[in-house]
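As a plain string of letters, each chain reads:
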Amino acid sequence: MKPLKALLEGIPCSWNGKGDLSTLIHRVHSDSRRIQPGDLFVAVSGFQMDGHQFVLEAIQHGAKVIVSEKFDSRVAARGIPQFCHPHTRTILARLVASSYDFPARRLRLIGVTGTNGKTTTTFLIQHLLSQVNRSGLIGTIYYDDGVRKQAAENTTPGPEVLQALFSQM
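In short, a report on the structure. (Residues numbered from 1 in each chain as written. Predicted model: local features only at pLDDT ≥ 70, side-chain atom pairs only at ≥ 80, totals over all residues. Heavy atoms only, no water.)

## Topic: the pattern of salt bridges
Consideration 1: Summed over the entire model, instances satisfying the criterion amount to five salt bridges.
Consideration 2: Where Asp 101 meets Lys 2, a salt bridge forms, and the shortest distance between an N and an O atom there is 2.9 Å. Taken together, the positions of Asp 101 in the loop between helix H4 (88-99) and helix H5 (118-130) and Lys 2 in strand S1 (residues 2-3) put the pair 99 residues apart, joining distant regions of the chain.
Consideration 3: Taking the relative accessible area as the measure of exposure, Asp 101 reaches 45% and is therefore partly exposed.
Consideration 4: Here Asp 72 and Arg 74 are joined by a salt bridge, their closest N and O atoms 2.8 Å apart.
Consideration 5: Where salt bridges share partners, they join Asp 31, Arg 33 and Arg 34 into one cluster. (Salt bridge = Lys/Arg side-chain N within 4 Å of Asp/Glu carboxyl O. Helix = DSSP H or I, 4+ residues; strand = E, 2+ residues; numbered from the N terminus. Buried < 20%, exposed > 50% of the residue type's maximum accessible area, 1.4 Å probe, protein only.)

## What to know about the nonpolar core
Consideration 1: In this structure, Leu 4, Val 28, Leu 40, Val 42, Val 67 and Leu 95 are the most contacted members of the largest nonpolar core, which totals 16 residues.
Consideration 2: In terms of residues, this core owes the most to one element, H4, which gives four residues.
Consideration 3: Each residue touching Leu 40, except ones within four places of it in the same chain, is listed here: Leu 4, Leu 7, Ile 25, Arg 27, Val 28, His 29, Ile 35, Val 65, Val 67 and Leu 95.
Consideration 4: Of all hydrophobic cores here, the second largest spans ten residues; its members include Ala 43, Ala 58, Ala 63 and Val 75. (Core = buried A, V, L, I, M, F, W, Y, C linked by side-chain atoms within 4.5 Å. Contact = heavy atoms within 4.5 Å.)

## Quick notes on the environment of Glu 69
Consideration 1: Mapped onto the elements of the fold, Glu 69 is located in the loop between strand S6 (65-68) and helix H3 (73-77).
Consideration 2: Looking at Glu 69, the relative accessible area reads 31%, which means it is partly exposed.
Consideration 3: Along the chain, Glu 69 and Val 44 lie 25 residues apart, while their C-alpha atoms are 7.7 Å from each other.

## Description of the side chain of Asp 39
Consideration 1: Within the secondary structure, Asp 39 sits in the loop between strand S4 (28-29) and strand S5 (40-42).
Consideration 2: Apart from the residues lying within four places of it in its own chain, the contact partners of Asp 39 are Ile 25, His 26, Arg 27, His 29, Arg 34, Gly 62, Ala 63, Lys 64 and Val 65.

Here it is, written out as structure tokens:
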């Protein structure tokens, strides 16, 4: 858990003036179905769905704070703090990283790009590095934190999954 004020540090945003900045936040999510009491919900305008449509659902699931691209009077009427920023997709990544205390800063990362051979290359790199030290892998087939493997949900994990993996590593 982290105080809301600490999560928002360095993020320029507008506030509806509701709530308390010392409120402890459990987790940060952009999927209203994953919200649990004490979480912060970030409404992201998606390519197929608009997260702003799910603000009330997030509140019903227990969201303590809403971050969105526009203010919603229904949020303020419930006394829930709401913060606005024009680019919530970017803010989501920052908030999630902050909630985990920026784990990637404590890791050495290698990225592999290209048209062919990325999976093979990453498997070889991980195998070689594992001979010296614990190493993880985030790939298209599975995610491996160096202790356990789990099937990959997406080719490129979103910030919530990515930061959780970094934290485990």
